[in-house]
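Given next are the chains, with one letter for each unit.
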Amino acid sequence: MLNAAGTPVVEARDVTVAIGGRPVLRGNDLIVREGEFVALMGANGSGKSTLVRALTGLRPLTQGSVLLFGTPLHDFGDRHRIGFVPQRGTATGGVPASVREVVSSGRLSRRRLLRPAGRADRAAIDDALEVVGLTDKAGDGVSTLSGGQQQRVLIARALAGEPELFFLDEPTAGVDLPNQLALADALRTLSGRGATVVLVAHELGPLEPLVDRAVVMRDGRIAYDGTPLSHEDVHGHHHPVDARHDHVPHVGSPFDTMSHDPREGGR
Amino acid sequence: MSLAELADLLDRDFMQRALLAALLTGLAAPAIGTFLVQRRLALLGDGIGHVAVTGVALGLLTGTSPTWTAVVVAILGAVLIEVIREQGHTNGDVALALLFYGGLAGGVLITGLAGEGANSLQVYLFGSVTSISSTEVWYTAGLAVVVLTLTLGLLPQLFAVASDPEFARVMGLQVRFYNLLVAVLAAVSVTVAMRTVGLLLVSALMVVPVATSQQLARSFRTTLLAAMVIGAIAAVGGLVGSAWLSAQATVAPGPSIVLLALAMFAATWPVGVWLRRRRRLAEPFPILAVDSPDPHQVAGHTDDEHPHEHGDDCGHPAVRHGDHVDYVHDGHRHAPHGEHYDEH
């Protein structure tokens, strides 16, 4: 629901991010209130993923400030209140891991060091698996699942910490329709429980009915903030998006700190 | 050598010490190795091993215990590798290579300056578990216990950081601390394993048992625990085997341990291939969208080609397909439909 009077859970002011000296986000203000379902949209390289990474503290700000639940990001200690779903492709490593293990790792923000998982932890993990519909896959290796199922595992992992605020980075990218529908169901359940959702999406697809506010990014700035727009309005023919692709091979020295993170777009 | 003679040999003090050192090494090295394999840093142990050569040489030069100088230098090297890897994330392997060669060259050079020949370095490069002294066994045991306590105690945190560092950071875990901890523990295990299998073979004991256990395991925890069991069997078995054969020929324990671990990998690999193939065959067929055209196609077989009814134990893999079961049969799928089978 569009909640003009709700408590702000995300307050970003003048958020500016430069990567390798190049400004990627420029002076963005964004306030997300409790219970809102916000979609961050825009073309590749418009800065929408970088904005989410700046809001979660993964990308340092060059200027501006971010407050989560009224606390500045660097002092924010209640990490269990936020859940992060990264872009797919980070769920598997060199060693097999079961679905349940990956989902359990999302519970760590609420667990104390060197303590075994308690009953509440197990119940939260079971619930998270059920919301994304993967209860019967709990013992399977994550790498044996399809891409869409892996994406659902990542959502369940974020859910396991029982957060109030979700950041999802392109959850529907490269996911087939049945899995997009399952994703939409899971997000509907979350939103129905009162969670605040901030989601990066190139196209909304089956998520469209859930979104009550769209923020469209263009060239590192918020170009539109309001009720969701149709696809034609965002990618209209009047402003064809110049989706250039950078073909320069990123070869650097071992000490080169420039970011070549493909998840942030080739800027 | 008869069994009685072998039992007599195993009963000697030096052999008891060697067995204890081998067992602890076999448990500790794969435990930390699992995290290295998970982070696709399987060769980190090798890199640290090369750096530790310089540490051993410094010990020989200064006349202090090479075990301790190796621990210090290996930890410094591991931290350096980790820092370089973190700063320039695309080129972690190059950083590893730089330290690889620097460590080995430095070690050989300093050994020469110390007036020692290659023979004194040999003990550390390829291991010499039977010449281990009782104080060294206690060092080894203490270090191995530290490695095991920290890896098993912090298993959930280390797993989260190793499998998805960005998610772990958003969750508030100190990713840099845990990464450095893994690097330091890897350095400690390298020096623990130094006297058993030697610095040049140490990485094998960290990686090969993990590669073996992940052929069969589906979860991270099973992989880690099974790797520890396999590592312990390889270390103790290799040592006993080399002792048994030592009557006929010179058989060094270090290489025997590594070759036994590799033999176990070779034995489980076909099983792993078979398991993965079977799992793929049993993967449910995707349910097509309801509105897609799906012509009713009846399996056309004469009775002699298809003499039986599909069932639970007809021998054809039964694979779930939406609300029913398909039987995979000579490259096509039969779905029971009333009196006949449909082709799916």
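What you see is a predicted model; the values in this text were computed from it and never measured.

Peer 1: Could you give an account of the packing of aromatic side chains, with specific residues and numbers?
Peer 2: By the definition in use, this model includes 6 aromatic pairs over all chains. Ring geometry for B:Phe177 and B:Tyr178: centres 5.3 Å apart, planes at 70°, overall edge-to-face. By relative accessible area, which is 47% here, B:Phe177 ends up partly exposed. An aromatic cluster is defined as three or more aromatic residues linked by ring pairs; in this entry it consists of B:Phe35, B:Phe159 and B:Phe220. Stacked on the ring of A:Phe69, the Lys or Arg A:Arg81 has its end atom at 3.9 Å from the ring centre. Directly above the aromatic system of B:Phe167 lies the positively charged group of A:Arg157, at a separation of 3.7 Å from the ring centroid.

Peer 1: Run through the sheet that holds strand β9 (residues 213-218) of chain A, naming residues and quoting values.
Peer 2: Residues and elements named next belong to chain A. Taken in spatial order, the 6 strands make up an open sheet running β6-β7-β8-β3-β9-β10, and their pairing is mixed. Each of the sheet's edge strands pairs with one partner strand only, and the pair in question is β6 (82-85) and β10 (221-226). For this sheet, the mean inter-axis angle between neighbouring strands, taken without regard to orientation, is 15°. Taken together, the 4 bridges between strand β3 (residues 37-42) and strand β8 (residues 196-200) define a ladder with parallel strand orientation. Following the sheet pairing, Leu40 is matched in β8 by Val200.

Peer 1: Before we move on, could you go through a nonpolar patch on the surface and cite the residues and values that matter?
Peer 2: On the surface, B:Leu3, B:Trp244 and B:Leu245 cluster together into a nonpolar patch covering about 320 Å² of accessible area. Within the element layout of this structure, B:Leu245 appears in helix α12 (residues 220-245).

Peer 1: Give me the lowdown on the side chain of A:Gln149, citing residues and values where you can.
Peer 2: Following the sequence through the fold, A:Gln149 ends up in helix α4 (residues 147-160). Among residues more than four places away in sequence, those in contact with A:Gln149 are A:Leu134, A:Lys137 and A:Asn179.

Peer 1: Lay out the interface of chain A and chain B with the relevant residues and their values.
Peer 2: With 39 residues of chain A at the contact, the number on the chain B side is 36 residues. Around 3300 Å² of area is buried between chain A and chain B when both sides are counted, 57% of it from carbon and sulfur atoms. B:Asp164 is paired through a salt bridge with A:Arg157; the nearest N and O atoms lie 2.8 Å apart. The interface formed by chain A and chain B contains 11 residue pairs in polar contact (both at pLDDT 80 or more). When residues in the side of chain A that touches chain B are grouped by element, the largest group, 3 residues, is from helix α2 (residues 99-105) of chain A.

Peer 1: Just give me the short version of the nonpolar core, but keep the residues and values in it.
Peer 2: By size, the foremost hydrophobic cluster in this structure holds 162 residues, and its most contacted members are A:Leu68, A:Val103, A:Leu165, A:Phe167, A:Leu199, B:Phe35 and B:Ile48. Excluding residues that lie within four positions of it along the chain, A:Leu199 makes contacts with A:Phe37, A:Val38, A:Ala39, A:Leu40, A:Leu168, A:Pro171, A:Leu187, A:Leu204 and A:Leu207.

Peer 1: Describe the environment of B:Leu58, listing the residues and the values that go with them.
Peer 2: All names here are of chain B. With respect to the element layout, Leu58 can be found in helix α3 (residues 44-62). Its relative accessible area of 29% is what places Leu58 among the partly exposed residues. Taking C-alpha positions, Leu58 is 8.1 Å from Ala70, a pair spaced 12 residues apart along the chain. Other than its neighbours up to four places away in sequence, Leu58 contacts Thr69, Val73 and Ile110.

Peer 1: Explain the sheet that holds strand β1 (residues 318-321) of chain B to me, and be specific about the residues and the numbers.
Peer 2: Residue and element names in this part refer to chain B. Spatially, β1-β2-β3-β4 is the arrangement adopted by the 4 strands of the open sheet, whose pairing is antiparallel. At either margin of the open sheet sits one strand with a lone partner, and together these are β1 and β4 (340-343). Within the sheet, the average angular offset between the axes of one strand and its neighbour, ignoring direction, is 40°. Two strands pair when backbone bridges link them, and β1 and strand β2 (residues 324-329) are joined in this way by 4 bridges, in the antiparallel orientation. Note on β2: the bridge partner recorded for Ala318 is Tyr327.

Peer 1: Requested: an account of the side chain of B:Ser128, with residues and values cited.
Peer 2: By the element assignment, B:Ser128 lies in the loop between α6 (118-126) and α7 (134-153). Once residues lying within four places of it in the same chain are set aside, the contact partners of B:Ser128 are B:Val123, B:Arg195 and B:Thr196.

Peer 1: Lay out helix α2 (residues 13-38) of chain B with the relevant residues and their values.
Peer 2: For α2(B), with 26 residues, the first-to-last C-alpha span of 38 Å sits near the 38 Å given by 1.5 Å per residue. In terms of burial, α2(B) is a largely internal element, 19 of the 26 residues being buried.

Peer 1: Go over unusual backbone geometry with me, naming the residues and quoting the values.
Peer 2: A negative phi holds for most residues other than glycine; trans holds for most peptide bonds. Residue and element names in this part refer to chain A. The backbone of Glu162 shows a phi angle near 50°, a positive value even though the residue is not glycine. Tracing the backbone shows Glu162 in the loop between α4 and β7 (165-169). Overall, the relative accessible area of 45% leaves Glu162 in the partly exposed class.

About the criteria used
Residues numbered from 1 in each chain as written. Chains lettered and ligands numbered in written order. Predicted model: local features only at pLDDT ≥ 70, side-chain atom pairs only at ≥ 80, totals over all residues. Heavy atoms only, no water. Phe/Tyr/Trp six-rings, centres within 6.5 Å; stacked < 30°, edge-to-face > 60°. Buried < 20%, exposed > 50% of the residue type's maximum accessible area, 1.4 Å probe, protein only. Lys NZ or Arg CZ within 6 Å of the ring centre and 35° of its normal. Pairing = 2+ DSSP bridges. Helix = DSSP H or I, 4+ residues; strand = E, 2+ residues; numbered from the N terminus. Axes fitted to C-alpha atoms, helices over the stretch in contact; angles between N-to-C directions. Patch = residues over 30% accessible without salt bridge, like charges linked within 9 Å, V, L, I, M, F, W, Y side chains within 5 Å. Areas by Shrake-Rupley, 256 points an atom, 1.4 Å probe, with all protein chains shown as cover. Salt bridge = Lys/Arg side-chain N within 4 Å of Asp/Glu carboxyl O. Contact = heavy atoms within 4.5 Å. Buried area = accessible area lost by both parts, 1.4 Å probe. Polar contact = N/O pair within 3.5 Å; in protein donor to acceptor, adjacent residues only side chain to side chain. Core = buried A, V, L, I, M, F, W, Y, C linked by side-chain atoms within 4.5 Å. Expected span 1.5 Å × (residues − 1).

Function cannot be inferred from these measures alone, as they are strictly geometric.
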